[in-house]
Amino acid sequence: MESENTRAEKPAAITRKTLFKAALIATPVPLLIGQVPALARDMSAGGGPLTPTPFCDDGDDPTPPQTEGPYFKPNSPQRTVLPGTGTALTVSGFVFGLACQPLANVLLDFWQADRNGAYDNVTYNFRGHQYTNAQGAFKLTTIVPGLYPGRTRHIHVKAQAPGRPVLTTQLYFPGEPRNNTDTIFDPALLMTVRTVGTGREATFDFVLNVPGVPPTDPPTSPPPGGGTWQVGVTYQAGDQVTYGGATYRCLQGHMSQAGWEPPNVPALWQRA
Ligand SMILES: [Fe+2]
């Protein structure tokens, strides 16, 4: 029995970040007026319209920590793909500091149950770590974890910016019945999840307790396709890049990542 559900827990607070995310998903921004009085700082001095929604949190609430649970294992393999049978799931997003600055080289160590809700404590199935790229982006390719007895559906993660303390937390899935009864569950840690074909695509942005200065360019707008191939760029089908002195044409849209260099992924790039 996983003992991670025994922690005495105050009721999970609805954080400002959660409200922002909920608002982004559910309603046009102006409808927030009058509904969310706590967001006073979003009002203009005269109580006018909300300021534009920031592309990440405004720095007052870093991603909250959660219990590690009993099944963390150090020394997971470095990999972005956790192979195994189940419903395909990708989790992607950015890691920001307190000033919304993207954080590169952040260690993200993920571990989760298999589709039956079981953790592999002997080998390293469904365990892996990776690092954010220069834009602070990450992408995990895995499966939807099964339900562990006594818990709602979740993914464990440790996040550590270079030279900073480790944040241990968990990520959750919206619409799970057990979210209402799991005392560890925190809505601030809900991923945004959509169904694509037979799989799921989830997004989540971490905010770590790392001071900094706001970026001049939002990291969510990487340079357009073209030029020399780079990690962390959203390429569209038809984009042309150069890599290793050769020219390649993009076959399907994707965000590039280390290991996906054009010669390595013929499904994504064709030599022009
Ligand atoms: Fe767990």
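Residues numbered from 1 in each chain as written. Predicted model: local features only at pLDDT ≥ 70, side-chain atom pairs only at ≥ 80, totals over all residues.

Engineer: For this particular structure, what's the right way to read the overall build of the protein?
Structural biologist: Within the protein, the regular secondary structure consists of 1 helix and 14 strands. For the protein, buried positions account for 32% of its 272 residues. Within the protein, contacts between residues at least 6 apart in sequence are counted, and of these 66% link residues at least 24 apart. (Helix = DSSP H or I, 4+ residues; strand = E, 2+ residues; numbered from the N terminus. Buried ≥ 20, exposed ≤ 12 C-beta atoms within 10 Å, placed from the backbone. Contact = placed C-beta atoms within 7 Å.)

Engineer: What is the right way to look at the sheet that holds strand β12 (residues 246-250) in this model?
Structural biologist: To summarise the sheet geometry, strands pair through backbone hydrogen bonds and adopt either a parallel or an antiparallel arrangement. Within the open sheet, the 3 strands sit side by side as β11-β12-β14. Their pairing is antiparallel. Each end of this open sheet is capped by a strand with a single partner; those strands are β11 (240-243) and β14 (269-271). Adjacent strand axes in the sheet meet at a mean angle of 40° when their direction is disregarded. (Pairing = 2+ DSSP bridges. Axes fitted to C-alpha atoms, helices over the stretch in contact; angles between N-to-C directions.)

Engineer: I keep staring at the pairing of β12 and nothing clicks. Help me out?
Structural biologist: It is a general feature of regular strands that their side chains alternate between the two faces of the sheet. Summarising the sheet, β11 and β12 pair through 4 bridges and their orientation is antiparallel. Paired with Val 241 across the bridge in β12 is Tyr 248. Where β11 hands over to β12, the hairpin turn is made up of 2 residues, of which Gly 244 adopts a positive phi near 60°. Sheet analysis places β12 next to β14, joined by 3 bridges and oriented antiparallel. By the bridge assignment for β14, Arg 249 is matched with Gln 270.

Engineer: Would you mind showing me how to read the environment of Pro 102 here?
Structural biologist: Among the secondary structure elements, Pro 102 is positioned in the loop between β1 (88-96) and β2 (107-111). A C-alpha to C-alpha distance of 7.6 Å links Pro 102 and Pro 215, two positions 113 residues apart in sequence.

Engineer: How do you make sense of the environment of Arg 115 when you look at a structure like this?
Structural biologist: With respect to the helices, strands and loops of the structure, Arg 115 is situated in the loop between β2 and β3 (127-131). For the pair Arg 115 and Pro 145, spaced 30 residues apart in sequence, the C-alpha separation works out to 5.0 Å.

Engineer: Sorry, what's going on with the environment of Val 207 here?
Structural biologist: Mapped onto the fold, Val 207 is located in strand β9 (residues 206-207). Residue Val 207 is classed as buried on the basis of its 25 C-beta neighbours within 10 Å. Note: C-alpha distance between Val 207 and Pro 62 (145 residues apart in sequence) is 4.8 Å.

Engineer: Would you explain the pairing of strand β6 (residues 167-172) in this entry?
Structural biologist: Summarising burial for β6: 5 of the 6 residues are buried, a large majority. Of the strand pairs in this sheet, strand β5 (residues 154-160) and β6 are connected by 6 bridges, and their pairing is antiparallel. The partner of His 156 across the bridge, within β6, is Gln 170. The turn joining β5 and β6, which pair antiparallel and follow one another in sequence, is formed by 6 residues; a positive phi near 75° is taken by Gly 163.

Engineer: Can you walk me through the nonpolar core in this structure?
Structural biologist: In a soluble, globular protein the nonpolar side chains are often hidden away together inside. Val 95, Ala 159, Met 191 and Leu 208 are the most contacted members of the largest nonpolar core, which totals 39 residues. Mapped onto this core, the elements with two or more residues apiece are β1, β2, β4 (137-143), β5, β6 and β9. Looking at this core element by element, the count peaks at 5 residues for β1. (Core = buried A, V, L, I, M, F, W, Y, C linked by C-beta atoms within 7 Å.)

Engineer: Just checking my understanding: could you explain unusual backbone geometry for this structure?
Structural biologist: A negative phi angle characterises most non-glycine residues, just as the trans form characterises most peptide bonds. Phi at Cys 100 takes a positive value of approximately 70°, unusual for a residue other than glycine. For Phe 126, which is not glycine, the phi dihedral falls at a positive 60°. Structurally, Phe 126 is set in the loop between β2 and β3.

Engineer: Any chance you could explain the sheet that holds β6 here in plain terms?
Structural biologist: The antiparallel open sheet is built from 4 strands, whose spatial order is β3-β2-β5-β6. Two strands bound the open sheet, and with one partner strand each, they are β3 and β6. Pairs of neighbouring strands in the sheet enclose a mean axial angle of 25°, with direction left out of account.

Engineer: I would appreciate a short explanation of the confidence of the model for the protein in the present structure.
Structural biologist: In this model, the protein carries an average pLDDT of 80, and 74% of its residues clear a pLDDT of 70 or more. Contacts for the low-pLDDT stretch residues 5-54, under 50 throughout, to residues beyond four places or in other chains number 43 contacts. (pLDDT = per-residue confidence, 0-100.)

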